[in-house]
Amino acid sequence: MTKTALANPDEPRKPSKKNPPKLRDGVMKRGNTWSYVIRVTDPETGTSKPKWVGGFPDEDAAKEARDEARVKARRGEYIDRNTITVGEYLDQWIESHAVEIRPRTLASYRTMIRLYIKPHIGGLRLQGVRPARITKLYRDLLTGGGEDGKALGISTVTRTHAILRKAFGDAVLVDELIPSNPVERAKRPKAALNEPGSVWTTAQLSTFLAAVRRHRLFAFYHLAAYTGARRGELLNLRWSSINLEANQITISGSTGVVDGERIEGATKSGRSRVVSIDDETVTVLQEHSKAQAADKLLVGEKWRGAKDGYVFATAWGDPIHPDSVGWLMTKTIRAYNTPKEGPRPAEPLPHARVHDLRHIHATTLLLAGVPVHVVAARLGHADPAITLRVYAHVIRSAEVLAADVFARVMNQAA
């Protein structure tokens, strides 16, 4: 009599050809886990194909996932399960979007992803991230996300939120890896509104422009003040982007500094824009063009500028390092306030940055009654709401004046 081994009741029975696993209403046990199958329409071919998804611990879990998948499949919202982690996706995302992001912004993105995102949620599956986990990330960063466990400021957490919001948004709309953006529903700390500090008056601006008038880069500061363009946008400007006959310039790129190197990229909004200029600015640019032509003639064959050269270049035709215009502005203000010869001015110029020229331009236009959407277009803001937030204090003061104007008109009518 032959002895047969008794089967262990706790060990799952391997399917055999005589006793294969049974598929019941799209659900089946395979090994130690359960799987479901649904039919999904390929959006490219329009054909319907079976889609198996496994790894569920029990039959109920598989059925629940099956029902949810069926609903999404009918709506055309079905997304395949994917094991890609947050860290892996961010690596792919930052590389694929490197062309669209300004160099300085790109460097900042890489640093923040490395320091503040990957250490906390980089190992999580992208499809498994929930709003509550993003909210916890923000809390962790605020309490001890910095170097040596130091607390991070709200502004840093807000920038982290902006990166995650954009990346997860692309995971929804572009890569179709997740059905919705969990970052949109996360609770983030409220950032205090940073309004521009006190800037020069128009009289102080005129004083500065007069002080820098004899310098070869006078046209740069004039154009910055009279257009509101950013420093990097002006330093990226080519002569082909200037139409003096039509009184306009086209801003299509930007220049920044990353690790000490001058790097070029797209504008902050990623889009080009046309900015009108006045007749005086046209004259300033014409004079600047003649001065640059004289530099080129003087240097001769040693001129290093390209055929479509930079509007603002060195005496040898090289592009100007972005830090140079900030340093020159500070130097000019100091020289005006503390001249080597003669008395000091009765009203010295307060310190200002190149970026403050942009604020003066916007503030002057808004106080003069220029519509917000027009100012936003000149500044290159993607949405006038940005202009409203940044210059809320200016608009509030204009509203007070508007009340007086309305009352004065009514009194005249009476």
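Heads up: the structure comes first, above all this text.
Residues numbered from 1 in each chain as written. Predicted model: local features only at pLDDT ≥ 70, side-chain atom pairs only at ≥ 80, totals over all residues. Heavy atoms only, no water.

S.K.: Give me the lowdown on the nonpolar core, citing residues and values where you can.
M.R.: Trp200, Phe208, Tyr221, Phe312 and Met329 are the most contacted members of the largest nonpolar core, which has 37 residues in total. A per-element tally of this core places helix α7 (residues 218–227) first, with seven residues. Discounting residues that sit within four places of it in the chain, Trp200 has contacts with Leu205, Phe208, Met329, Ile333, Leu349, Pro350, Ala352, Leu357 and Ile360. In terms of nonpolar packing, the next biggest core, distinct from the first, is built from 32 residues, Ile101, Val172, Ile178 and Ala186 among them. (Core = buried A, V, L, I, M, F, W, Y, C linked by side-chain atoms within 4.5 Å. Buried < 20%, exposed > 50% of the residue type's maximum accessible area, 1.4 Å probe, protein only. Helix = DSSP H or I, 4+ residues; strand = E, 2+ residues; numbered from the N terminus. Contact = heavy atoms within 4.5 Å.)

S.K.: Tell me about the environment of Thr255, and please be specific about residues and values.
M.R.: With respect to the helices, strands and loops of the structure, Thr255 is situated in strand β6 (residues 254–258). Separated by 12 residues in the primary sequence, Thr255 and Thr267 place their C-alpha atoms 8.6 Å from one another. Separated by 3.5 Å, the side chains of Thr255 and Arg262 make a polar contact. (Polar contact = N/O pair within 3.5 Å; in protein donor to acceptor, adjacent residues only side chain to side chain.)

S.K.: Outline helix α2 (residues 86–96), listing residues and values.
M.R.: All of the buried residues in α2 are Val86, Gly87, Tyr89, Leu90, Trp93 and Ile94. Down the axis of α2, the smallest arc covering the buried residues is 155°, so these residues share one side. Buried-residue contacts for α2 involve α3 (103–121) and α5 (154–173). (Arc of directions from axis to C-beta.)

S.K.: Describe the packing of aromatic side chains, naming the residues involved and giving the relevant values.
M.R.: In this structure the tally under the stated criterion is five aromatic pairs. Between the aromatic rings of Trp200 and Phe208, the centroid separation amounts to 5.2 Å while the plane-to-plane angle is 45°, which identifies the pairing as tilted. Centroid distance Phe208 to Tyr221: 5.5 Å. Interplanar angle 85°. Geometry classified as edge-to-face. Here Phe208 is found in helix α6 (residues 202–211), whereas its partner Tyr221 is found in helix α7, with 13 residues between them in sequence. Take Phe208 and Tyr221: they sit in the same class, and that class is buried. What links up through ring pairs into an aromatic cluster is the set Trp200, Phe208, Phe220, Tyr221 and Phe312. (Phe/Tyr/Trp six-rings, centres within 6.5 Å; stacked < 30°, edge-to-face > 60°.)

S.K.: Go over unusual backbone geometry, please, and point to the residues and values.
M.R.: Phi at Asn247 is positive, roughly 55°, even though this residue is not glycine. With respect to the secondary-structure elements, Asn247 resides in the loop between β4 (242–243) and β5 (248–251).

S.K.: Break down the pairing of β5 for me, citing the residues and quoting the values.
M.R.: Going residue by residue along β5, you find Ile249 and Ile251 tucked away on one face and Gln248 and Thr250 left uncovered on the opposite face. Two strands pair when backbone bridges link them, and β4 and β5 are joined in this way by two bridges, in the antiparallel orientation. What sits directly across from Ile242, in β5, is Ile249. Connecting β4 to the next strand, β5, in antiparallel fashion are four residues, including Asn247 with a positive phi near 55°. Pairing between β5 and strand β8 (residues 273–276): four bridges, direction antiparallel. Each bridged residue has a counterpart across the sheet, and for Thr250 the counterpart in β8 is Val274. (Pairing = 2+ DSSP bridges.)

S.K.: Tell me about the sheet that holds β4, and name the residues and values.
M.R.: In spatial order, the strands read β4-β5-β8; together these three strands make up an open sheet with antiparallel pairing. Two strands bound the open sheet, and with one partner strand each, they are β4 and β8.

S.K.: How would you explain the packing of helix α4 (residues 131–144) against α5 if you had to name every residue and give the values?
M.R.: Contact pair α4 / α5: the axes reach a minimum separation of 9 Å and the direction vectors enclose 150°. Taken together, α4 and α5 sit at an angle that is classed as roughly antiparallel. The handedness of the crossing between α4 and α5 is right-handed. Within the contact between the two elements, α4 uses Ile134, Leu137, Tyr138, Leu141 and Leu142 and α5 uses Ile154, Val157, Thr160, His161 and Leu164. The residue makeup of the contact of α4 with α5, split by class, is eight nonpolar, two polar and no charged. (Axes fitted to C-alpha atoms, helices over the stretch in contact; angles between N-to-C directions. Parallel < 35°, antiparallel > 145°, perpendicular 65-115°, else oblique. Left-handed = near helix turned anticlockwise from the far one by under 90°. Nonpolar A, V, L, I, M, F, W, Y, C, P; charged D, E, K, R; others polar.)

S.K.: Kindly report on the packing of α6 against helix α10 (residues 322–337), identifying the contributing residues and their values.
M.R.: Running from amino to carboxyl end, α6 crosses α10 at an angle of 100°, the nearest separation of the two axes being 10 Å. On the basis of the axis angle, α6 is roughly perpendicular to α10. Each of Thr207, Phe208 and Ala211 in α6 lies in contact with α10, whose residues at this interface are Met329, Thr332, Ile333 and Tyr336. Here the contact of α6 with α10 is composed, by residue class, of five nonpolar, two polar and no charged.

S.K.: Requested: an account of the pattern of salt bridges, with residues and values cited.
M.R.: Counting across every chain of the model gives 14 salt bridges. One salt bridge in this structure joins Lys136 and Asp140, with 2.9 Å as the shortest N-O distance. In this pair, Lys136 and Asp140 both sit in helix α4, four residues apart, roughly one turn of the helix. Owing to a relative accessible area of 36%, Lys136 belongs among the partly exposed residues under this scheme. Among the residues examined, Asp140 registers a relative accessible area of 23% and is labelled partly exposed. A salt bridge links Arg165 to Glu184; the nearest nitrogen and oxygen atoms lie 3.4 Å apart. Taken together, the residues Arg165 in helix α5 and Glu184 in the loop between α5 and α6 connect sequence positions 19 residues apart. (Salt bridge = Lys/Arg side-chain N within 4 Å of Asp/Glu carboxyl O.)

S.K.: Which residues make up the side chain of Thr281, and what values go with them?
M.R.: Looking at the secondary structure, you find Thr281 in helix α9 (residues 279–299). Given the relative accessible area of 1%, Thr281 is considered buried.

S.K.: Tell me about α4, and please be specific about residues and values.
M.R.: Between its first and last C-alpha atoms α4 spans 20 Å; for 14 residues at 1.5 Å apiece the expected length is 20 Å, and the two agree. Every buried residue of α4 is accounted for by Pro131, Ile134, Thr135, Leu137, Tyr138 and Leu141. When α4 is viewed along its axis, its buried side chains cluster within an angular range of 150° and face the same direction. Seen from the buried face of α4, the exposed residues on the opposite side, beyond 90 degrees, are Ala132 and Thr143. (Expected span 1.5 Å × (residues − 1).)

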